[in-house]
Each structure stands twice: as structure tokens, then as C-alpha cells.
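# Coordinate analysis (summary)
These are the residues of each chain, in order.
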Amino acid sequence: MAKTATFGVMHVATSFVVTYAITGSYTIAGVVTFVEPLVNTVMHYFFDAYWDHPKAVAARAQVARRMPAWASGAVDAAMPAMARAADHGHAHHFSTKARSIT
């Protein structure tokens, strides 16, 4: 919960600072800072509701089929065991959870 609260405060502060830097107006920065999360919350509701819709599932599957193997993570699964062993465990890949290179 502390991490979520900290992120929320950081988001509000970033929104205010960036909007003020662009507009030079405290009023506009304040309005955008509080309106944007409200709009984002409503948009998230519809996004979440549509995510499991059969058309959305089919569209994601179609995109996944068209992606190159290196982008989908299939390379690691398809790499023969001997090739992984030859790499001595030093393969670098993008972690989908942490969004960082491991």
C-alpha cells in the first residue's frame, strides 16, 4: 500500500510540474493534475471491461502471431538446451515483470 500511495503522490507531483512547465499557469496545472486522473479512471473502467471481450482477445492473438519471435519471448523457449548451457547462464533478456534488462 505504501508503494501505491507513493506512486500516486509522485504521479500528481509530476503531472503538476510538467503541466506548469508547459503552460506557466498554476491554474491550468492544478486543473490538469486533478482532471487527468479522473478521466484516466473512467478510461480504465472501459479498457478493463473490453479487455476480455472476444474481439479484443482475437485481436491480441492476431498481433502476437505477427510479432517476431525475439519480441514475443519465444526465443528463450525455443533455444536448445545446449545453446543455453553454452551461454553459461549469461543470456540477457528483457524481464516482462520488472521492465528491466536482467
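Residues numbered from 1 in each chain as written. Predicted model: local features only at pLDDT ≥ 70, side-chain atom pairs only at ≥ 80, totals over all residues. Heavy atoms only, no water.

### Re the overall build of the chain
In terms of regular secondary structure, the chain is built from 6 helices and 0 strands. Start at the N end of the chain and walk to the C end: the helices and strands fall as α-α-α-α-α-α. Looking at the chain residue by residue over its 102 residues, the buried ones come to 7%. Within the chain, residue pairs in contact and separated by at least 24 positions form 6% of the contacts whose partners lie at least 6 positions apart. (Helix = DSSP H or I, 4+ residues; strand = E, 2+ residues; numbered from the N terminus. Buried < 20%, exposed > 50% of the residue type's maximum accessible area, 1.4 Å probe, protein only. Contact = heavy atoms within 4.5 Å.)

### Quick notes on the packing of helix 1 (residues 2-23) against helix 2 (residues 26-51)
Running from N to C, helix 1 and helix 2 cross one another at 140°; their axes reach a closest spacing of 8 Å. In terms of orientation, helix 1 and helix 2 fall into the oblique class. Crossing hand, helix 1 versus helix 2: right-handed. Together, H11, V12, S15, F16, T19, Y20 and T23 of helix 1 and Y26, I28, A29, G30, V32, T33, F34, E36 and P37 of helix 2 make up the contact between the two elements. Here the contact of helix 1 with helix 2 is built from residues that sort into 9 nonpolar, 6 polar and 1 charged. (Axes fitted to C-alpha atoms, helices over the stretch in contact; angles between N-to-C directions. Parallel < 35°, antiparallel > 145°, perpendicular 65-115°, else oblique. Left-handed = near helix turned anticlockwise from the far one by under 90°. Nonpolar A, V, L, I, M, F, W, Y, C, P; charged D, E, K, R; others polar.)

### Remarks on the packing of aromatic side chains
The geometry of an aromatic ring pair comes down to the distance between the two centres and the angle between the two planes. Counting across every chain of the model gives 5 aromatic pairs. The interplanar angle of 20° and the centroid separation of 6.3 Å between the aromatic rings of F16 and Y26 together place this pair among those described as stacked. Here F16 is found in helix 1, whereas its partner Y26 is found in helix 2, with 10 residues between them in sequence. Overall, the relative accessible area of 29% leaves F16 in the partly exposed class. Considering the side-chain rings of F47 and W51, the 5.2 Å spacing of their centres and the 45° angle between planes classify their relative orientation as tilted. Highlighted residues: F47 and W51, both in helix 2, separated by 4 residues, approximately one helical turn. On the accessibility criterion, W51 (38% relative accessible area) is partly exposed. One aromatic cluster is present, formed by F16, Y20 and Y26 through successive ring pairs. The ring of W51 carries R60 above its face, with NZ or CZ at 3.7 Å from the centroid. (Phe/Tyr/Trp six-rings, centres within 6.5 Å; stacked < 30°, edge-to-face > 60°. Lys NZ or Arg CZ within 6 Å of the ring centre and 35° of its normal.)

### Some words on the side chain of S15
Topologically, S15 is positioned in helix 1. Residue class for S15 comes out buried when judged on its relative accessible area of 13%. Beyond its immediate chain neighbours, meaning those up to four positions away, S15 contacts V32 and T33.

### Looking at the confidence of the model for the chain
Within the chain, residue pLDDT values average 79, and 70% of them lie at 70 or more. Of all helices and strands in the chain, the one with the weakest mean pLDDT is helix 6 (residues 81-86) (54), whereas helix 1 scores best (93). (pLDDT = per-residue confidence, 0-100.)

### Thoughts on the environment of A56
By the element assignment, A56 lies in helix 3 (residues 54-66). Aside from chain neighbours lying at most four places away, what touches A56 is Y50 and W51.

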